[in-house]
There are 6 protein chains.
Amino acid sequence: MRPSGRAPDEMRTIQIETGYTKHAEGSVLIGFGETKVICTASVEERIPPFLRGKGEGWVTGEYSMLPRATHTRGNREAARGKQSGRTQEIQRLIGRSLRAVCDMKKLGERQITLDCDVIQADGGTRTASISGAWIALRLAVNKLMADGVISEDPITAKVAAISCGIYQGTPVLDLDYDEDSNADADANFVLIEGGLIAEAQATAEGAPYDEEAMLRMLRLARVGCDGIFTAQDEAIAG
Amino acid sequence: MRPSGRAPDEMRTIQIETGYTKHAEGSVLIGFGETKVICTASVEERIPPFLRGKGEGWVTGEYSMLPRATHTRGNREAARGKQSGRTQEIQRLIGRSLRAVCDMKKLGERQITLDCDVIQADGGTRTASISGAWIALRLAVNKLMADGVISEDPITAKVAAISCGIYQGTPVLDLDYDEDSNADADANFVLIEGGLIAEAQATAEGAPYDEEAMLRMLRLARVGCDGIFTAQDEAIAG
Amino acid sequence: MRPSGRAPDEMRTIQIETGYTKHAEGSVLIGFGETKVICTASVEERIPPFLRGKGEGWVTGEYSMLPRATHTRGNREAARGKQSGRTQEIQRLIGRSLRAVCDMKKLGERQITLDCDVIQADGGTRTASISGAWIALRLAVNKLMADGVISEDPITAKVAAISCGIYQGTPVLDLDYDEDSNADADANFVLIEGGLIAEAQATAEGAPYDEEAMLRMLRLARVGCDGIFTAQDEAIAG
Amino acid sequence: MRPSGRAPDEMRTIQIETGYTKHAEGSVLIGFGETKVICTASVEERIPPFLRGKGEGWVTGEYSMLPRATHTRGNREAARGKQSGRTQEIQRLIGRSLRAVCDMKKLGERQITLDCDVIQADGGTRTASISGAWIALRLAVNKLMADGVISEDPITAKVAAISCGIYQGTPVLDLDYDEDSNADADANFVLIEGGLIAEAQATAEGAPYDEEAMLRMLRLARVGCDGIFTAQDEAIAG
Amino acid sequence: MRPSGRAPDEMRTIQIETGYTKHAEGSVLIGFGETKVICTASVEERIPPFLRGKGEGWVTGEYSMLPRATHTRGNREAARGKQSGRTQEIQRLIGRSLRAVCDMKKLGERQITLDCDVIQADGGTRTASISGAWIALRLAVNKLMADGVISEDPITAKVAAISCGIYQGTPVLDLDYDEDSNADADANFVLIEGGLIAEAQATAEGAPYDEEAMLRMLRLARVGCDGIFTAQDEAIAG
Amino acid sequence: MRPSGRAPDEMRTIQIETGYTKHAEGSVLIGFGETKVICTASVEERIPPFLRGKGEGWVTGEYSMLPRATHTRGNREAARGKQSGRTQEIQRLIGRSLRAVCDMKKLGERQITLDCDVIQADGGTRTASISGAWIALRLAVNKLMADGVISEDPITAKVAAISCGIYQGTPVLDLDYDEDSNADADANFVLIEGGLIAEAQATAEGAPYDEEAMLRMLRLARVGCDGIFTAQDEAIAG
């Protein structure tokens, strides 16, 4: 039924390559099928002005797509001179999602920036970014702890994200671009290890949806995120 | 329990003044308690480039706050030279919400822009904007139909939006600024008359939430939107 | 003779509603006929860099029009990414006009920003802004004095502004949009209670004018500003 | 009495060098004492969108100062990424002033841009720009007529501009930077050959002024502009 | 002698992975040691305005670095709202270099954009970009020819680029970041298969250099580019 | 053979007028034939952030062209809101070239900005800018030394720049616009008194060039720069 031939609750293959670039304190190339994102965590010994003197740190996210990550070439945002609303919406979501599992007091007065750069897009770039950014954050924090910079682990749990949708009336998990373009509704869930929700966003694209559909998408998301948590564990252990 | 003294499922007073400004095809001043937004619908006989030749129209939203709509004065976005991520996220939400109840073929090759300008903010500005924008849109479309420009009504249903949150463990409806600033979770629902959902967004601010909390917030939102639908009817009839 | 049917020296009805928004230290909705402007005065305990260490304050103005304040919708300046030359010229005029009646030593090291946001435009938006901004400033300063923040009143006089023009050879007062669009000359006067001039600007639009015309416009402006001074007094007393 | 030692009604020496640059259709270096401005008139066979199909032309102005035209180096506006309010206000004034003496029908569907670039500033740069821009325009139009592009002269009169001020209580003509910095009021007049006024702007800097002061400044401006008209004639004849 | 331990004329290992991303008509990941760049060639059936109606195509380049491609995180250019002078200088060089080996008549009225995105930087990013961009261009043109869109090969030769420098008095080839930071002079050569020069740029960083040094750097560049030409051949054949 | 009728190694007439503007610490109008550039050196007692606390100064360059310095009017960069890649590339070159002959320790913690504003362009504007900027720098440093601000001369040598090209197969010196537009290759050399090279840039425009051509252009550049050094000496002595 799905263009991809996958079962409704079937994820795409997750590929994770840690240490993908050498300068960042944490880095990973994460792939969900043909969607591929480089996530890096950069530690800086400075904090944004609104936090000065509070003894707390900050975690923030940035997001971009290479111009030809997509089917047709998009204009480079740096050349256009501003970031699109979509880009800003996604980077705000990435930052919130990672802050949901980070104790800012334990992090101390430093900032970790999670850069998520999509090198190939095939649906689900924002959720792959969040799932990969957690790994980069984990690696960077591990380094800070190994270096003795931080004594207590500020990361309180794993966080993962996945998209769901209603495709021809059926809730499906982890939509690729073709499925996403034709879905009636499109949802993104950011879940925390253990079952709590950090963020749920479900948008009607072609037709409004009911409560039942929302719940069924959430349950699919739980299946998906469990798979991602396992992959995150293996990647960090690896 | 709530700082406002309201019951968990109690809305603030809704005030609606139609025809608030004279130039727009549709205009309204909508108030949810101390939150006040001017919504105007402007009809233009042109469409965005990506729609040319398709025989369809477009509905889009813009959002702004007056610099001193808030407790402390914010910088004017026009002076800073760019709109914040928050502003862009909200205007995208307004546009999607209104497009969910508009048949673009029936609208014909014209664009309606819904400008939502917050003159006083006390929580829930984006949901007041959507609820008010529908009234402005309805008035503008009524005018187009009365003028014989459009023959079939392109508006398929009413749409309304309301915020909910988890305040000290309890789901509450229609948060004001004080409540919103201290809520553990913050949700916005865009509902369509009849019960379907156009958009659901629930974000953990202080602590992640569970499925039960999300459902309870959605049920509160239904109560709230029913009240708004009634107010919209009265305003249009008025 | 005038499209509005008014006598050459007849002003439009002035409507003033103080306390129009609740967060600003001073706020007012001012109307000159169909022209309506929200003016707020925001007090901030900081001064621009060029004044640091001088023991003086600063008064500045900002101006904007809602996109659909006018007959046809204009682009939002925040979306275009810059303020027009017209906007900047008007905000500079507002700032200068209010500074002309404010003793910066008595104000002390704080800044008052006068935001003038036009919600409906029908000619004379800049002069309505100045006349309304004075009321907002007066209210904010009254509050600072009542709170004991300032001991001596820094406001030295009332200031008001009004437009005049040459319409079909006749000098007329307080032009609305239709009159302004067809005037041969267009003038704005900023007068100080007692008769002195803070600013005079008279521009030939259709045809140059002579000294006599300029003087007759100035005399009409005196009539108009006397009416505004009275309205300001009543609004503050109100 | 004046820092410059000049009599109240004494202008600075005017120096005009036509044909200062070779590419422009009209060009001039104009000096009022130490204030020096390069004015060029560029003819382009295109018009702004709002004039299309009306059979009319357009005259517009642009203004800039070299970063070190002033006592201390200013930031380059191109590097800052935007033009200041002052710059935009001046370019709007230049455009209006020249349009006041140009018949757009006779000009035909073409645009003339008057670029005024200040290479050394010592007060009065905007008025020197207007006075010089007229010469550049005259030269460019002469060329268009000599080339047979235009048959009837679109220039209806000479236009000139000069600053006046109230310096220590006395109205004075053509202020240099030292005088301007310490003046109580500052005025710019744009006069048309024969005595009519295109623009009058008088601003209180240190203290408001009265009608008598405004009139005395206007009369000084007449004296000054008569001198400029003579210099313009000689330059064109030259 | 070199920090890298390499002989003066010794290149770093070149790694080339073609088909690195799936959407672009040509794509490659090119590595010179630890410097890694994704180069894609995007074909668009449109040309810049200045070429319209000439029957010719266009080849252009864009360049960017991921924020954490470097030792310390740099600000994202899209977030800052403008591209740095360095970025623009490099993209101009990439475009010129590729145009030097492309017959625009044979390319026909289409544009090929070469996006070079540095994912890890260790010196020589601009030369790796040019060398990799040629491969991406070659792949894209091969596809256009295989698809029958182009009948005659517009690529006239291979082009490659390499950096050289004077390190502690000795000319060396292919500097990494440590070497580049401490070099007395820094040169980039863009050479065409067969020996001709498309671009030579040699800049004194610490100390000016003489003609002999420039020639010795050029000769090293020939050695280096011969190696790159071989690697390009193998990658295309691969 | 050359459109200009000059011999291949013949420079255009160099004209230098020192003290061209009065505010700058050093200023000059430099002309190479019809190319004319105003160069000013501005001394400021501040340094860029990256140099703070190092006891060193900084020398930087800025470059612009008046809109009508060229055959057809170009858009003003300040109005467009950004500097072109070409402008930025040239200002970077100016800065590097002057820093090559300046001892930053001897300059002390101050910045000298060299503004190069082209008032008329006919080829070679960047090289005229560098050659003139050196004179402005020399004059400003002389003033600092005469005023006792600096005790030891920070300028280590003269620097000059000139363009060369391959025109119809023949290397020629100091190309004007017509020659430059039709040259097969275009080179700019920045040479230091005594023969060392600060910068060499040679770009194939129509056809790639060989090593012999590059060397012949460099030798022509030596001839040209010797002439410029003499003119610089005379200007300073003058």
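Preceding block: the structure.
Report follows, based on the coordinates.

Rules behind the numbers
- Residues numbered from 1 in each chain as written.
- Chains lettered and ligands numbered in written order.
- Predicted model: local features only at pLDDT ≥ 70, side-chain atom pairs only at ≥ 80, totals over all residues.
- Heavy atoms only, no water.
- Helix = DSSP H or I, 4+ residues; strand = E, 2+ residues; numbered from the N terminus.
- Rg over C-alpha atoms; globule rule 2.2 N^0.38 Å.
- Buried < 20%, exposed > 50% of the residue type's maximum accessible area, 1.4 Å probe, protein only.
- Areas by Shrake-Rupley, 256 points an atom, 1.4 Å probe, with all protein chains shown as cover.
- Lys, Arg positive; Asp, Glu negative; His and termini not counted.
- Charge placed at Lys NZ, Arg CZ, Asp CG, Glu CD.
- Expected span 1.5 Å × (residues − 1).
- Pairing = 2+ DSSP bridges.
- Contact = heavy atoms within 4.5 Å.
- Salt bridge = Lys/Arg side-chain N within 4 Å of Asp/Glu carboxyl O.
- Polar contact = N/O pair within 3.5 Å; in protein donor to acceptor, adjacent residues only side chain to side chain.
- Least-squares fit on C-alpha atoms with pLDDT ≥ 70 in both.
- Phe/Tyr/Trp six-rings, centres within 6.5 Å; stacked < 30°, edge-to-face > 60°.
- Disulfide = S-S within 2.5 Å.

### Quick look at the overall build of chain A
- Each helix and strand counted, chain A has six helices and nine strands in total.
- Taking 2.2 N^0.38 as the reference for a compact globule, 238 residues should give roughly 18 Å; the C-alpha atoms of chain A span a radius of gyration of 18 Å, in line with that estimate.
- By its C-alpha atoms, chain A is 55 × 45 × 35 Å across when sized along the principal axes.
- Looking at chain A as a whole, 61% of its 238 residues are labelled buried.
- Carbon and sulfur atoms make up 45% of the accessible area of chain A, which amounts to about 8,500 Å² in all.
- Computed over 27 positive and 35 negative side-chain charges, the separation of the two mean positions in chain A equals 6 Å.

### Observations concerning helix α2 (residues 85–99) of chain A
Residues and elements named next belong to chain A.
- Over its 15 residues, α2 extends 21 Å from the first C-alpha to the last, a length consistent with the 21 Å expected when each residue adds 1.5 Å.
- Most of α2 sits out of view: 12 of its 15 residues are buried.
- Buried residues of α2: G85, T87, Q88, E89, I90, Q91, L93, I94, G95, R96, S97 and L98, and no others.

### Digging into the pairing of strand β9 (residues 197–204) of chain C
- The element β9 of chain C is largely enclosed, with a buried count of eight among its eight residues.
- Judged from the seven bridges that link them, strand β8 (residues 185–192) of chain C and β9 of chain C form a sheet pairing that is antiparallel. Bridged to A187 of chain C within β9 of chain C is A202 of chain C.
- Linking β8 of chain C to β9 of chain C, which pair antiparallel, is a turn of four residues; within it G194 of chain C sits at a positive phi near 110°.
- The pairing of β9 of chain C with strand β9 (residues 197–204) of chain D spans five bridges and is antiparallel.

### Concerning the arrangement of the chains
- Looking at chain C next to chain E, you find no contact at all, with the nearest C-alpha pair sitting 11 Å apart.
- Nothing in chain B touches chain F; the tightest C-alpha to C-alpha distance between them is still 11 Å.

### Observations regarding the interface of chain E and chain A
- Every contact between the two is made by 39 residues of chain E and, on the other side, 39 residues of chain A.
- One can count 13 salt bridges joining chain E with chain A.
- Residues R68 of chain A and E25 of chain E are paired through a salt bridge, measuring 2.6 Å at the closest nitrogen-oxygen approach.
- Counting the contacts that link chain E with chain A gives 23 residue pairs in polar contact (both at pLDDT 80 or more).

### A word on the environment of D178 of chain E
- Looking at the secondary structure, you find D178 of chain E in helix α5 (residues 177–181).
- Taking C-alpha positions, D178 of chain E is 22 Å from N75 of chain E, a pair spaced 103 residues apart along the chain.

### Re the relation of the copies chain E and chain A
- When chain E is fitted to chain A, the best match, at an RMSD of 0.0 Å, comes from turning it 180° and sliding it 0.0 Å along the axis. A rotation of that kind, with that shift, is consistent with a two-fold axis.
- Comparing interface residues between copies, 100% of those in chain E also sit at the interface in chain A, which points to an isologous, same-surface contact.

### A closer look at the packing of aromatic side chains
- Counted under the stated rule, the structure contains six aromatic pairs over all chains.
- Look at F50 of chain B and W58 of chain B: their rings are 5.1 Å apart centre to centre, the planes differ by 90°, and that puts the pair in the edge-to-face class.

### A look at the state of the cysteines
- This structure, assessed with the given rule, holds zero disulfides over all chains.
- No disulfide involves C164 of chain A; its sulfur sits 8.0 Å from the nearest other cysteine sulfur, which is in C225 of chain A.
- Here C116 of chain C is not disulfide-linked; the sulfur of C39 of chain C is the nearest cysteine sulfur, at 4.1 Å.

### Quick word on the pattern of salt bridges
- Going through the model one piece at a time under the given rule, you end up with 138 salt bridges over all chains.
- Of the charged contacts in the structure, one is a salt bridge between E62 of chain C and R76 of chain B, with a shortest N-O distance of 2.8 Å. You can see E62 of chain C sitting in strand β4 (residues 58–65) and its partner R76 of chain B sitting in the loop between β4 (58–65) and α1 (77–80), one on each of two chains. With respect to burial, E62 of chain C and R76 of chain B carry one shared label: buried.
- Residue E179 of chain E is joined to R6 of chain E by a salt bridge in which the shortest nitrogen-to-oxygen separation is 3.5 Å. Of this pair, E179 of chain E sits in helix α5 while R6 of chain E sits in the segment before β1 (14–18), and the two are 173 residues apart along the sequence. Of the two residues, E179 of chain E and R6 of chain E, both sit in the buried class.
- Taken together, the salt bridges that share partners define one network made up of R2, R6, R12, D122, D174 and E179 of chain A together with K22 of chain E.

Function-wise, these values are silent; they only describe arrangement.
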